[in-house]
Amino acid sequence: FLGISKGGDEVDVDEEDELDASKLGLRETYHRLWAVCQLPAVRSLFLVLLTYRLPTALSDNVKFLKAVEFGLSKQTTALLSPLLVLPLGIAVPIVASRVWKGMPL
């Protein structure tokens, strides 16, 4: 659709200004990757990705142990785990935060 509505206008692109990835060496590639990793927005993203699961890590492991404790077999738990992961992953931290609101662990 976009090509039809443009009507054949061609954009002049200087071929020499484009970077050819096949001509970059391994050292230059990692140097550029390191430069991108030093950007403030990327550093913030690294921090978020490394820490976003910490508050719920305990509840992720405990819910299946509790299911086995209450009588579910390990096979049944493994079968139901895809159906339980999302709802329990949302509900358990919410309930736990309300229960232990004033008492730190």
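I will try to describe carefully the structure that is included in this document. Just so it is clear, the structure is predicted and the values come from calculations on it, not from any experiment.

1. Concerning the overall build of the protein
Along its length, the protein carries five helices and zero strands. Listed by position from the N terminus, the elements making up the protein come as α-α-α-α-α. Looking at the protein residue by residue over its 105 residues, the buried ones come to 9%. Here the protein displays about 9700 Å² of accessible surface, and carbon together with sulfur accounts for 66% of that area.

2. Topic: the pattern of salt bridges
Inspection of the entire model under this criterion finds two salt bridges. One salt bridge in this structure joins R32 and E28, with 2.8 Å as the shortest N-O distance. One end of the pair, R32, and the other, E28, are both in helix α2 (residues 26-37), four residues apart, so they sit about a helical turn from each other. With its nearest N and O atoms 3.6 Å apart, the salt bridge here joins E69 to K66. Here E69 and its partner K66 are both found in helix α4 (residues 57-69), three residues apart, which amounts to about one turn of the helix.

3. Comments concerning a nonpolar patch on the surface
Judged by side-chain polarity, L45, V48, L49 and Y52 come together as a nonpolar surface patch covering roughly 410 Å² of accessible area. Turning to its location among the elements, Y52 is positioned in the loop between α3 (40-51) and α4. Assessed through its relative accessible area of 52%, Y52 is described here as exposed.

Conventions adopted
- Residue numbers run consecutively from 1 along every chain, following the written order of its sequence.
- Local features in this predicted model are restricted to residues whose pLDDT is 70 or higher, and side-chain atom pairs enter the listing and the counts only when it is 80 or higher, whereas totals over whole chains, interfaces and linings include all residues.
- The basis for the side-chain values is all heavy atoms of the structure; hydrogens and waters are excluded.
- Here a strand is any run of E in DSSP of at least two residues, a helix any run of H or I of at least four, and the numbering for each starts at the N terminus.
- Only protein chains enter the accessibility calculation, which uses a 1.4 Å probe. A residue is then buried if its area is under 20% of the maximum for its type, exposed if over 50%, and partly exposed in between.
- Surface accessibility follows the Shrake-Rupley procedure with a 1.4 Å probe radius. Residue values consider only the protein chains on display as shielding.
- A pair is scored as a salt bridge if a Lys or Arg side-chain nitrogen falls within 4 Å of a carboxyl oxygen belonging to Asp or Glu.
- Like-charged residues within 9 Å of one another, or nonpolar side chains (Val, Leu, Ile, Met, Phe, Trp, Tyr) within 5 Å, are grouped into patches, provided each residue has over 30% relative accessible area and no salt bridge.

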